[in-house]
Amino acid sequence: MMDFEPIVSPLFTWIFGIGISLLLIFQIIRIQRSDFSSKRKGIKQLLNALLFFALLTFMLNPVWSSEQISSPILLVSEELDKSEIDFWKDSIGVEKVISIDDFQSNSDSLILLGKNFSKDFLYSIRAKSLDWIIPSSTTEPEFLDWKGILYQGEVQKIRLKMDLSTGSTISIFQEGNELEEIEIDSDRNSLELDFPVSILGRNELELRLGELVLGEIQFYVLPAARLSYQVQVGFPGPEIRTLSRYLIGKGEQVQEEIRLSKDSELLTGSGPLDSIDVFVIDPSQLSNTKIQNQIRRAASLLLLNLNDPQKEIDILNKVFETNFEVLKTGTAENREIIGGLEALPFTFQEKILQESLFENSIAAQRVGDSKIVTSLLTSTFSITQAGDSASYDKLWEKILGELRPENQSNWGVSAPVFWGEYETISLNSSDSVDNLIFGKDTLSISQSLVNPKTKTLDFVSLDSGWVKLGEIGEVYISGMNDWPSILAQQKRAAFLKSQSWISSSSVINSSKYPIPFWAWGLILLFLLTLIWLEPKLWD
């Protein structure tokens with residue numbers, strides 16, 4: 001492709017071009033009016049036109065350019081072995097493979113392969129076009145996330161992504177006790193473990209793949225406010241009585257209201273409650289306007305002892321504006337679910353903004369500031385009758401965790417939090433907080449301009465292990481070797497985000513080829529020589 005790059009300013013180029021054109025016209029007219037023969041006139045006019053054209057072209061400076069795609073270089077980190085490097089080399093189709101030590105900064109297009117690239121090295125290549133590949137592993141998750149701070153009774157959710165094969169198990173252990181386990185029934189690469197937390201303060205758990213310990217999960221549990229429960233049913237069967245005893249044993253305030261008839265009721269428990277956080281009811285109480293008003297004022301609701309789920313769920317949806325949906329299983333017999341529990345022959349349809357537990361036997365939905373939970377389980381009290389109180393506690397801790405109201409101060413810590421990395425802690429609270437002591441430092445808190453209750457704390461921790469977070473609790477700071485694959489993924493995401501203005505496609509090298517000045521000198525000298533020789537040769 002040819003382009004022009006004038007050797008002088010555009011204005012002077014225009015002036016010179018117009019002057020050359022006028023001078024050429026004048027010269028052609030002068031030669032035409034001369035007494036020379038027609039043949040000689042034509043030769044003189046041609047030589048003059050070539051000279052003036054060469055002068056004009058010299059000023060315009062024509063340049064020929066060509067483009068060539070630069071072949072990327074595969075830059076590998078030190079933890080990869082030769083077989084893995086060869087696999088990726090063939091898969092990507094690159095020719096040149098180098099290590100970090102052999103890297104030359106004049107390489108334009110790069111593909112990083114591996115995890116161990118230092119911050120200094122990444123900074124040195126920040127302006128280059130590149131992609132970054134972190135090979136997946138069957139023993140390391142490529143994504144992992146959990147809550148770093150939560151309240152007692154709240155449900156901890158651990159999300160991970162890794163290659164998982166059918167028949168493998170992912171489990172969580174605390175001091176040798178299994179808290180949760182998921183058996184993989186089909187090949188998948190993502191899952192979520194959830195379980196209620198009960199131990200105050202520091203919690204250190206093991207995440208296992210089969211018998212292999214993948215790493216440790218650390219979080220801090222804050223004490224939760226004591227809740228008040230109103231158990232209001234038409235008839236207190238063993239399911240309700242066992243649940244009431246369980247709540248009282250946990251130290252919760254419980255009042256039972258048994259509706260004996262339309263005009264009479266029986267109250268048991270600690271006496272009238274100042275406020276009610278959670279109503280535990282059966283379908284006969286759905287039409288109770290007092291309960292409906294309390295739910296609209298942010299109380300939560302647990303619906304148990306369903307008899308006709310399709311009809312009763314429709315009533316629940318109309319009264320509280322939920323959108324639960326049950327599907328019949330195709331059999332009239334109760335279905336058996338994990339742990340020996342039984343549920344009605346229905347399942348909850350999974351929906352956005354709803355949580356499902358125990359093989360879709362329990363569904364939870366938030367409505368405004370309230371939480372509505374409904375259950376298809378039939379007889380959880382039979383677990384305690386069999387002497388397995390630990391399983392009963394685990395079951396109901398999980399269900400009640402979905403009912404817990406929001407705390408006045410909610411801390412958002414997305415773990416793992418890594419040493420030396422830029423991290424953010426969020427706080428949702430109406431309290432005025434300007435700064436907070438984090439470890440040995442006092443850090444300023446930023447307040448959202450949109451929502452005054454939302455505050456953020458940005459920091460880079462230079463301490464690892466448990467670090468004090470004011471007078472509230474602690475945050476665990478993971479070291480460089482705790483979750484290396486997760487740290488690498490975070491570095492990759494942050495680095496590529498900072499490179500968003502740079503194209504990650506192959507670099508195109510452009511080469512320009514102008515006519516050299518010595519060639520212009522020869523051309524002009526040759527034309528001037530012809531003009532000088534023309535009269536002599538003609539004579």
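Residues numbered from 1 in each chain as written. Predicted model: local features only at pLDDT ≥ 70, side-chain atom pairs only at ≥ 80, totals over all residues. Heavy atoms only, no water.

Caption draft 1: Looking closely at the overall build of the protein chain. Scanning the protein chain from N- to C-terminus turns up 11 helices and 37 strands. Here the protein chain has a C-alpha radius of gyration of 39 Å; the compact-globule value for 539 residues is 24 Å, and the former is much larger. For the protein chain, the spread of C-alpha atoms along the principal axes amounts to about 140 × 55 × 50 Å. The contacts in the protein chain between residues at least 6 apart in sequence include a share of 61% that link residues at least 24 apart. Only carbon and sulfur atoms are counted for the fraction: they give 53% of the accessible area of the protein chain, which is about 29,600 Å². Charge centroids of the protein chain, computed over 48 positive and 72 negative side chains, lie 10 Å from each other. (Helix = DSSP H or I, 4+ residues; strand = E, 2+ residues; numbered from the N terminus. Rg over C-alpha atoms; globule rule 2.2 N^0.38 Å. Contact = heavy atoms within 4.5 Å. Areas by Shrake-Rupley, 256 points an atom, 1.4 Å probe, with all protein chains shown as cover. Lys, Arg positive; Asp, Glu negative; His and termini not counted. Charge placed at Lys NZ, Arg CZ, Asp CG, Glu CD.)

Caption draft 2: Up close: the packing of helix α5 (residues 238-249) against helix α9 (residues 389-401). Where α5 meets α9, the axes come as close as 12 Å, and the angle between the chain directions of the two elements is 85°. For the element pair α5 / α9, the angle class is roughly perpendicular. Packed against α5, whose contacting residues are Glu239, Thr242, Leu243, Tyr246 and Leu247, the element α9 presents Tyr392, Asp393, Trp396, Glu397 and Leu400 at the interface. Of the residues belonging to the contact of α5 with α9, the class tally is 6 nonpolar, 1 polar and 3 charged. (Axes fitted to C-alpha atoms, helices over the stretch in contact; angles between N-to-C directions. Parallel < 35°, antiparallel > 145°, perpendicular 65-115°, else oblique. Nonpolar A, V, L, I, M, F, W, Y, C, P; charged D, E, K, R; others polar.)

Caption draft 3: Spatial organisation of α5. A rise of 1.5 Å per residue sets the reference length of α5, with its 12 residues, at 16 Å; its end C-alpha atoms lie 16 Å apart and thus fit the reference within 8%. Considered for burial, the residues of α5 that qualify are Glu239, Ile240, Thr242, Leu243, Ser244, Tyr246 and Leu247. Downstream of α5 by a residue or two, glycine 251 has a phi angle that is positive, lying close to 90°. (Expected span 1.5 Å × (residues − 1). Buried < 20%, exposed > 50% of the residue type's maximum accessible area, 1.4 Å probe, protein only.)

Caption draft 4: Region of interest: the sheet that holds strand β3 (residues 73-76). The 4 strands are arranged β4-β3-β5-β6 in an open sheet whose pairing can be described as parallel. Single-partner strands in this sheet number two, and they are β4 (96-99) and β6 (129-133). Recorded for the sheet is a direction-independent mean angle of 25° between the axes of neighbouring strands. Where strand β5 (residues 109-113) lies against β6, 5 bridges are found, and the strand directions are parallel. In the strand pairing of β6, leucine 110 is matched with leucine 130. Its contacts with the sheet place helix α3 (residues 82-92) against β3, β4, β5 and β6, and it is angled at close to 155° to β3. (Pairing = 2+ DSSP bridges.)

Caption draft 5: Spotlight on the packing of aromatic side chains. If you walk through the whole model with that rule in mind, you get 10 aromatic pairs. Ring geometry for phenylalanine 58 and phenylalanine 517: centres 5.9 Å apart, planes at 70°, overall edge-to-face. Pair noted here: phenylalanine 58 is in helix α2 (residues 38-60) and phenylalanine 517 is in helix α11 (residues 517-538), with a separation of 459 residues, a long-range link. The rings of Phe58, Phe517 and Trp520 are connected pair by pair, giving a single aromatic cluster. Positioned above the aromatic ring of phenylalanine 173, the side-chain terminus of arginine 208 is 3.9 Å from the ring centre. (Phe/Tyr/Trp six-rings, centres within 6.5 Å; stacked < 30°, edge-to-face > 60°. Lys NZ or Arg CZ within 6 Å of the ring centre and 35° of its normal.)

Caption draft 6: Molecular detail of the environment of leucine 113. Secondary-structure assignment places leucine 113 in strand β5. Sequence separation of leucine 113 and serine 77 is 36 residues, and the distance between their C-alpha atoms is 6.4 Å. Those residues in contact with leucine 113 that sit more than four places away from it in its chain are Leu74, Leu75, Val76, Ser77, Leu80, Trp88, Ile133 and Pro135.

Caption draft 7: How the structure looks around α9. For α9, spanning 13 residues, the distance from its first C-alpha to its last is 18 Å, which sits close to the expected 18 Å at 1.5 Å a residue. What α9 keeps buried is the set Tyr392, Leu395, Trp396, Lys398, Ile399, Leu400 and Gly401.

Caption draft 8: Structural detail: the nonpolar core. Of all hydrophobic cores here, the largest spans 50 residues; its most connected members are Leu243, Val280, Leu301, Leu302, Leu316, Trp396 and Ile399. At 5 residues, α9 tops the list of elements feeding residues into this core. (Core = buried A, V, L, I, M, F, W, Y, C linked by side-chain atoms within 4.5 Å.)

Caption draft 9: Structural detail: the pairing of strand β13 (residues 201-209). Relative to β13, strand β10 (residues 169-174) runs antiparallel, the two sharing 4 bridges. Bridge pairing in β13 places serine 171 opposite arginine 208. Note: β13 against strand β14 (residues 212-222), 9 bridges, orientation antiparallel. Bridge pairing in β14 links asparagine 203 to phenylalanine 219.

Caption draft 10: Local environment of the sheet that holds strand β8 (residues 149-151). Within the open sheet, the 5 strands sit side by side as β8-β14-β13-β10-β11. Their pairing is mixed. A single partner strand is all that each edge strand has here, and the edge strands are β8 and β11 (177-183). Each strand axis lies, on average, 30° off the axis of its neighbour in the sheet, ignoring direction.

Caption draft 11: Looking closely at the side chain of lysine 44. Position of lysine 44 among the secondary structure elements: in helix α2. Beyond its immediate stretch of four places on either side in the chain, lysine 44 contacts Ile31, Phe36 and Glu534.

Caption draft 12: Examining the side chain of threonine 169 more closely. Counting through the fold element by element, threonine 169 comes out in strand β10. Not counting residues within four places of it along the chain, the set of residues in contact with threonine 169 comprises Glu181, Ile182, Glu183, Arg208, Leu209 and Gly210.

Caption draft 13: Region of the structure containing the pattern of salt bridges. With the rule as written, the count across this model stands at 11 salt bridges. We note a salt bridge from arginine 208 to glutamate 206, for which the minimum N-O separation is 2.8 Å. Taking relative accessible area as the criterion, arginine 208 reaches 18% and is therefore assigned buried. Via salt bridges that share partners, Lys157, Glu192 and Glu355 belong to a single interconnected network. (Salt bridge = Lys/Arg side-chain N within 4 Å of Asp/Glu carboxyl O.)

Caption draft 14: A look at unusual backbone geometry. Put simply, alanine 415 and proline 416 share a cis peptide bond, and its omega is 5°. Checked against the element boundaries, proline 416 lands in the loop between β28 (414-415) and β29 (417-418). Residues other than glycine seldom take positive phi values, yet glutamate 321 does so here, at roughly 60°. Relative to the helices and strands, glutamate 321 resides in the loop between α7 (309-320) and β20 (326-328). By relative accessible area, glutamate 321 is classed as exposed at 66%. For glutamate 359, which is not glycine, the phi dihedral falls at a positive 55°. Examined against the element boundaries, glutamate 359 turns out to sit in the loop between β24 (354-357) and β25 (362-367).

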